[in-house]
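# Observations on the three-dimensional arrangement
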Amino acid sequence: MIRARRRLSAAAGTVLGVAALLSAGSAPAAGSTAADVPFASAVFAATHNSYSGNVDGAKGPVTYQLDHGVRFLEFDIHDNDYGTRHDYGIGHSSPGDLVDHTGNPASNALRDWLGTVHAWSGAHPGHAPIVVMLDIKDDLTDNSSYAAGNLAALDDELESAFGANLVPATDHPDGLPTTGSLRGRVLTLLSGDATSRAAYRRDTGYHPAIAVNSRGQVVEVHDSGHGTLWYWTGRLGTDGKITWLRHGRYDTGQTPAVALNDNGDLVEVHQSESAATLWYHTGRLGADGEITFSASHQYDNGVLPTVAFTDPAGTSLRQIHRSQSNDQNWQWQGRLDTAAGTVTWTGNAKTTDSRYDKASSGGVSVWTGADGAAPAETLRYSTAAVAGDRIRYRQTAFDEYQDGDSAELREGALFYAAPASHGSFITTARQEGHVVRGWDFDSAGLATTPLANYPATNHPWDAWYQSLLTQSGALE
């Protein structure tokens, strides 16, 4: 039983009638620490803007909240100066805004706040599953690389913070198991900026190309359709699935193609965004999935370039493209100099050979196409074992659907949310079996039947809230 509830039980009379709002027989025993129920049936104590402690509301430090039964925490995050600080900042309208450091980490660095939750979880291994929600306050899609703080960096930070205690969303695409099976574990949830949430679930682009080497390293390149070039890197598993590791923008241009050797050396070719000139990069794929690109170099005029290594050592290349004036294909022979980061091109001549199939390599094919409610430009891949998965971030975190969001964000979402005043949305979502958060849940009159799984309040120690949790059998 939540300990604050014991202290406040004498005040329960101030909330007469609350129990009538709850579904009799559907809740576990009040205050149970051992109940094992379907996740979507459980109720948990939850706080709104958990980092604000007593600066905004009356919540106390994060560890105090956890000690007293709170199992849903909200951290608002910003990407201000990520390239310098190498972390996201906690705060409401900006890093540090409404942050209560009393009893909490002295910094605004997300990593420190996640570490506090992880340390508490490790010291209390039998706790009910904790959800750490990140309310993304800035658009993270304008961070053009891992180093700038894109969503791949966020994935890594979450995995690093919680380790084996983390429940990855990718392990539960169709629903969560019972609460008992998740005791001692932490789930992470993305909320806030809808553009970032959508980009976490899929990527879009045009003219994708793929290269896979014998070590299972994967490089995909594509253009945005608006003059910029982007890459994904990943690892092809024995199960035929690709774990996508890094994502970033590397140049301007269109219709790119890429070749990758077994040493992780690559050569990328593309057409300029506004003229029929052809350019190339060399690059090195690191063990972490990051690519270090050389400067770009123009090597010819033409359109629709393709490229491939032609020797086992991965130093000889052949490039085939089409003339900018007609349907004639042309070729170059190349030799990669990894030390200089250049290719020496020779033997320019017409060829009757077709251009290389840049969209297939090593048993992997890439293309763009709609996937359910996702756009027609969604980047997708297939292998012998995988038919049409999305090229996207690792899905470490769950992705929240909020009242008023697009059909794309709603499709397949396990977690729903709305202001606590949106009672009909909360009720319907609960009846449909979703896990629902209602934020700014600051009075007993906002209770619904059934109650939101996470009634996120600014005043968790008020008598009416504690009584409501007791009546609903909130888990801890």
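Residues numbered from 1 in each chain as written. Predicted model: local features only at pLDDT ≥ 70, side-chain atom pairs only at ≥ 80, totals over all residues. Heavy atoms only, no water.

Relative to the 16 Å expected for 12 residues at 1.5 Å per residue, helix α5 (residues 151-162) spans 17 Å between its end C-alpha atoms, a close match to the ideal helical length. The element α5 is largely enclosed, with a buried count of 9 among its 12 residues. Turning to α5, its buried residues number three or more, namely Leu151, Ala152, Ala153, Leu154, Asp155, Glu157, Leu158, Ala161 and Phe162. The N-cap of α5, judged by a side-chain oxygen 3.1 Å from the amide nitrogen of Ala152 a few residues on, is Asn150. Residue Gly163 follows α5 closely and has a positive phi angle near 50°. (Helix = DSSP H or I, 4+ residues; strand = E, 2+ residues; numbered from the N terminus. Expected span 1.5 Å × (residues − 1). Buried < 20%, exposed > 50% of the residue type's maximum accessible area, 1.4 Å probe, protein only. Polar contact = N/O pair within 3.5 Å; in protein donor to acceptor, adjacent residues only side chain to side chain.)

Moving on, we come to the sheet that holds strand β7 (residues 217-223). Reading across from one edge, β6-β7-β8-β9 is the order of the 4 strands in this open sheet, with antiparallel pairing throughout. Taken across any chain shown, the strands that pair with only one partner, and hence form the sheet edges, are β6 (206-212) and β9 (242-252). Going from strand to strand, the sheet's axes swing by 20° on average, the running direction of each strand aside. The pairing of β6 with β7 spans 5 bridges and is classified as antiparallel. (Pairing = 2+ DSSP bridges. Axes fitted to C-alpha atoms, helices over the stretch in contact; angles between N-to-C directions.)

Pairing between side chains of opposite charge can happen when their charged atoms approach one another. Per the stated rule, a full pass over the model turns up 18 salt bridges. The salt bridge involving Asp265 is made with Arg284; its shortest N-O contact spans 2.9 Å. Taken together, the residues span a long stretch of sequence, with Asp265 in strand β11 (residues 265-271) and Arg284 in strand β12 (residues 277-285) at a distance of 19 residues. Between Arg390 and Asp371 there is a salt bridge, with its nearest N and O atoms 2.8 Å apart. Of this pair, Arg390 sits in strand β22 (residues 389-390) while Asp371 is found in the loop between β20 (364-368) and β21 (379-382), placing the two residues 19 residues apart along the sequence. The exposure class of Asp371 is partly exposed, given its relative accessible area of 23%. A cluster of three or more residues bridged by salt bridges with shared partners is formed by Asp371, Arg380, Arg390 and Glu411. (Salt bridge = Lys/Arg side-chain N within 4 Å of Asp/Glu carboxyl O.)

Structural measurements only, silent on function.
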